[in-house]
Amino acid sequence: YFILDGVKIYNIPVLRVPKTKIYISYREVINKVQNLNYHPDFVVAHHSSSFLWAYKLAKKFNSKFVSGLHQSDLHLNFFDQFLYKKSFKNSYKIVCRSQSVKVRLIEIFPEYQDKIVVGNSGIPKQIIEPISFFKEKANSWNNKREIHFLTACVFQKLKNVDVNLLALSSLKNYNWKYTIIGDGEERDNLEKLVRDLSLQDRVNFVGWKSREEVYEYMKNSDVFIMVSAPETFGIAYLEAMAKANIVVGAKGWGIDGIVKNGENGFLVTPRNVPELTSTIQTLLEMRYNTASRIIYKTWDTVNNYTEEKVSMEYLRNILAAATND
């Protein structure tokens, strides 16, 4: 164990057969917990692979069980359906990691919608730039000559970076630059697409960067664009908002529910090139008054999604379940 903020954090290894969902008996874990002379009030499990374990632990200790779901948990087979129904029936709360996961879960299990809440991720408060920085960013849109777009991600197909390139390629008569941070399996394809679209003088691949370096790129960019799907959440959106970027995300995925289209950012249907092109054109033609309104809304939004605030909301949702019982 280790101590964090005066709290003991125990890390009990759980052995698993590699590349399978076969785990060593949960009784071993229960015995280890019992040996700590520890009786939990709540057992919280994230990801479906841990639901059965956590439910049995909660039942053993007469604890309240809370299940948490991510986007990857919604690819259900017959066994998952059975497992979820058993887990959800015995859950005090079902915490979804984003609004989009909540919407999809209610479609599958409408009978549990009264238990379902959203538990978003948050960012460290200290990475949010002061309001003076947001004011400077807003003022920079006054007679802006060139818009700087940015994406930071693993180069996978679901990130839809190719769609960004296709949309931007039809707007060559505007002044813009596009920086892409990251690497991955799609890099060769993306670099080839840049050449095919004759965008070499506009698009810059800079490779992997440390988190601190990414923050610097975000501070110097205007628009963070990542219309990825499927996406559970995407902490990079909040990090970009913390650096006064106007963000463009995917409708129905990830940041949808935090970003409201046209208010504190933009949402676009995934892989819809004409729609994304229209949104980017709106940004390229955006006047100071509109840009500044969105940037100040971004400031308000991101300050509501610090680690402290989202974790307290998470706890309130769990404790409310116990209170209502």
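Since the model is a prediction, treat every value here as computed from it, not as a measurement.

Trainee: Residues and numbers for the sheet that holds strand β5 (residues 93-96), please.
Mentor: Strand order in the open sheet formed by four strands is β3-β4-β5-β6, with parallel pairing between adjacent strands. One side of each edge strand has no neighbouring strand; the edge strands of this open sheet are β3 (42-46) and β6 (116-118). Each neighbouring strand pair of the sheet contributes to a mean axis angle of 25°, computed without reference to strand direction. As paired elements, β3 and strand β4 (residues 64-69) share five bridges and run parallel to each other. Its bridge partner lying in β4, Val 43 is registered against Phe 65. Relative to the sheet, helix α4 (residues 99-108) contacts β4, β5 and β6, its axis offset from that of β6 by approximately 165°.

Trainee: Could you give an account of the sheet that holds strand β8 (residues 176-181), with specific residues and numbers?
Mentor: Working definition: the strands of a sheet are paired by backbone hydrogen bonds and lie parallel or antiparallel to each other. The sheet built from six strands is open, its strands ordered β9-β8-β7-β10-β11-β12 with parallel pairing. Edge positions in the sheet fall to β9 (203-207) and β12 (266-268), since each has one partner strand and no second. Between one strand axis and the next, the sheet turns by 25° as a mean value, whatever way the strands run. Where strand β11 (residues 246-250) lies against β12, three bridges are found, and the strand directions are parallel. Paired with Ala 250 across the strands is Val 268, a residue of β12.

Trainee: Any chance you could break down the side chain of Lys 137 for me, citing the residues and the numbers?
Mentor: When you line up the elements, Lys 137 lands in helix α5 (residues 131-139). In this structure Lys 137 is buried but unpaired, with Asp 222 as the nearest side chain of opposite charge at 5.4 Å. Residue contacts for Lys 137: discarding those within four places in its chain leaves Met 218, Lys 219, Ser 221, Lys 243, Ala 244, Asn 245 and Ile 295.

Trainee: So, the nonpolar core: which residues are in play, and what are the values?
Mentor: Of all hydrophobic cores here, the largest spans 71 residues; its most connected members are Phe 149, Leu 165, Trp 176, Tyr 178 and Phe 224. The greatest single-element share of this core, amounting to six residues, is contributed by helix α9 (residues 235-242). Counting 19 residues, the second largest nonpolar core, distinct from the first, contains Tyr 55, Phe 65, Tyr 84 and Phe 109.

Trainee: Could you give me a rundown of helix α10 (residues 273-284), with the residues and numbers involved?
Mentor: Think of an α-helix as 3.6 residues a turn; residues three or four steps apart then line up on the same face. Given a rise of 1.5 Å per residue, twelve residues ought to cover 16 Å, and the 16 Å separating the end C-alpha atoms of α10 matches this to within 8%. Buried residues along α10 sit against β7 (147-152), α6 (161-169), β8, β10 (223-225), β11 and β12. With a side-chain oxygen positioned 2.9 Å from the backbone nitrogen of Glu 275, the residue opening α10 is Asn 272.

Trainee: Would you mind going over a nonpolar patch on the surface in detail, with residue names and values included?
Mentor: Taken together, the side chains of Tyr 1, Ile 3, Tyr 10, Leu 36 and Tyr 38 present a nonpolar region at the surface, about 560 Å² in accessible area. On the secondary structure map, Tyr 1 appears in the segment before β1 (2-4).

Trainee: So what's going on with the pairing of β9? Residues and values would help.
Mentor: It is a general feature of regular strands that their side chains alternate between the two faces of the sheet. Of all five residues making up β9, four are buried, and the element is well covered by its neighbours. In this region the chain leaves β8, passes through helix α7 (residues 187-196) and returns to the parallel neighbour β9; the handedness of that crossover is right-handed.

Trainee: Lay out the packing of α5 against helix α11 (residues 288-302) in plain terms, naming residues and giving numbers.
Mentor: Viewed as axis vectors pointing N to C, α5 and α11 meet at an angle of 160°, and their least axial separation amounts to 9 Å. One way to sum up the angle between α5 and α11 is to call them roughly antiparallel. Handedness of the α5/α11 crossing: right-handed. Side by side, α5 and α11 meet where Ile 131, Phe 134, Lys 135, Lys 137, Ala 138 and Asn 139 of the first sit next to Tyr 288, Ser 292, Ile 295, Tyr 296, Thr 298 and Trp 299 of the second. Classifying every residue of the contact of α5 with α11 gives seven nonpolar, three polar and two charged.

Trainee: Hey, could you go over α4 for me, with residue numbers and the actual values?
Mentor: Among the residues of α4, Ser 100, Val 101 and Leu 105 are the ones counted as buried. Burial along α4 is one-sided: seen end-on, the buried residues are contained in an arc of 130°.

Trainee: Give me the lowdown on the pairing of β8, citing residues and values where you can.
Mentor: Extensive coverage of β8 is indicated by the burial of five of its six residues. Where β7 lies against β8, six bridges are found, and the strand directions are parallel. Bridge pairing in β8 links Leu 150 to Thr 179. Assessed by its sense of winding, the connection that carries the chain from β7 through α6 to β8 is right-handed. With four bridges joining them, β8 and β9 adopt parallel strand pairing. Following the sheet pairing, Ile 181 is matched in β9 by Gly 207.

Calculation rules
- Here the residue index of a chain counts from 1 through its sequence in written order.
- Reporting of local features is limited, given that this is a predicted model, to residues whose pLDDT is at least 70; pairs of side-chain atoms are given and counted only at 80 or more, and all residues count toward the totals for whole chains, interfaces and linings.
- Side-chain numbers come from the whole structure's heavy atoms, not from hydrogens or water.
- Note: two strands are recorded as paired if DSSP finds a minimum of 2 bridges between them.
- Helical segments are the DSSP runs of H or I of at least four residues, strand segments are the runs of E of at least two, and each set is numbered from the N terminus.
- Each axis is a line fitted through C-alpha atoms, taken for helices only over the stretch in contact, and angles between the N-to-C directions span 0 to 180 degrees.
- Whether two residues touch is decided by their heavy atoms; if any such pair falls within 4.5 Å, the residues are in contact.
- Relative accessible area decides the class of each residue, using a 1.4 Å probe on protein chains only: under 20% of the type maximum gives buried, over 50% gives exposed, and in between gives partly exposed.
- In this charge count, Lys and Arg are treated as positive and Asp and Glu as negative; neither His nor the chain ends contribute.
- The working definition used for a salt bridge is a side-chain nitrogen of Lys or Arg within 4 Å of a carboxyl oxygen of Asp or Glu.
- Residues enter a nonpolar core if they are buried and are Ala, Val, Leu, Ile, Met, Phe, Trp, Tyr or Cys, with the set joined through side-chain atoms within 4.5 Å.
- The span you would expect from a helix comes to 1.5 Å times its residue count less one.
- For this analysis, a polar contact is any N or O atom pair within 3.5 Å, provided that within protein one partner can donate a hydrogen and the other can accept it, and provided that sequence-adjacent residues contribute only side-chain to side-chain pairs.
- Every patch collects residues that have over 30% relative accessible area and no salt bridge, joining them within 9 Å if they carry like charges and within 5 Å if they are nonpolar side chains (Val, Leu, Ile, Met, Phe, Trp, Tyr).
- Per-residue and other accessible areas were derived by the Shrake-Rupley procedure at a 1.4 Å probe size, with only the shown protein chains allowed to occlude residues.
- Orient the strands so they point away from the viewer; a crossover is then right-handed if the path from the first strand over the helix to the second runs clockwise.
- Each angle is binned into one of four classes, with values under 35 degrees roughly parallel, values over 145 roughly antiparallel, values of 65 to 115 roughly perpendicular, and all other values oblique.
- Two helices crossing with the near one rotated counterclockwise from the far one by less than a right angle form a left-handed crossing, whereas a clockwise rotation gives a right-handed crossing.
- Ten residue types, Ala, Val, Leu, Ile, Met, Phe, Trp, Tyr, Cys and Pro, are classed as nonpolar, four, Asp, Glu, Lys and Arg, as charged, and the remainder, Gly among them, as polar.
- The arc in question is the one spanned by the directions pointing from the helix axis to the C-beta atoms.

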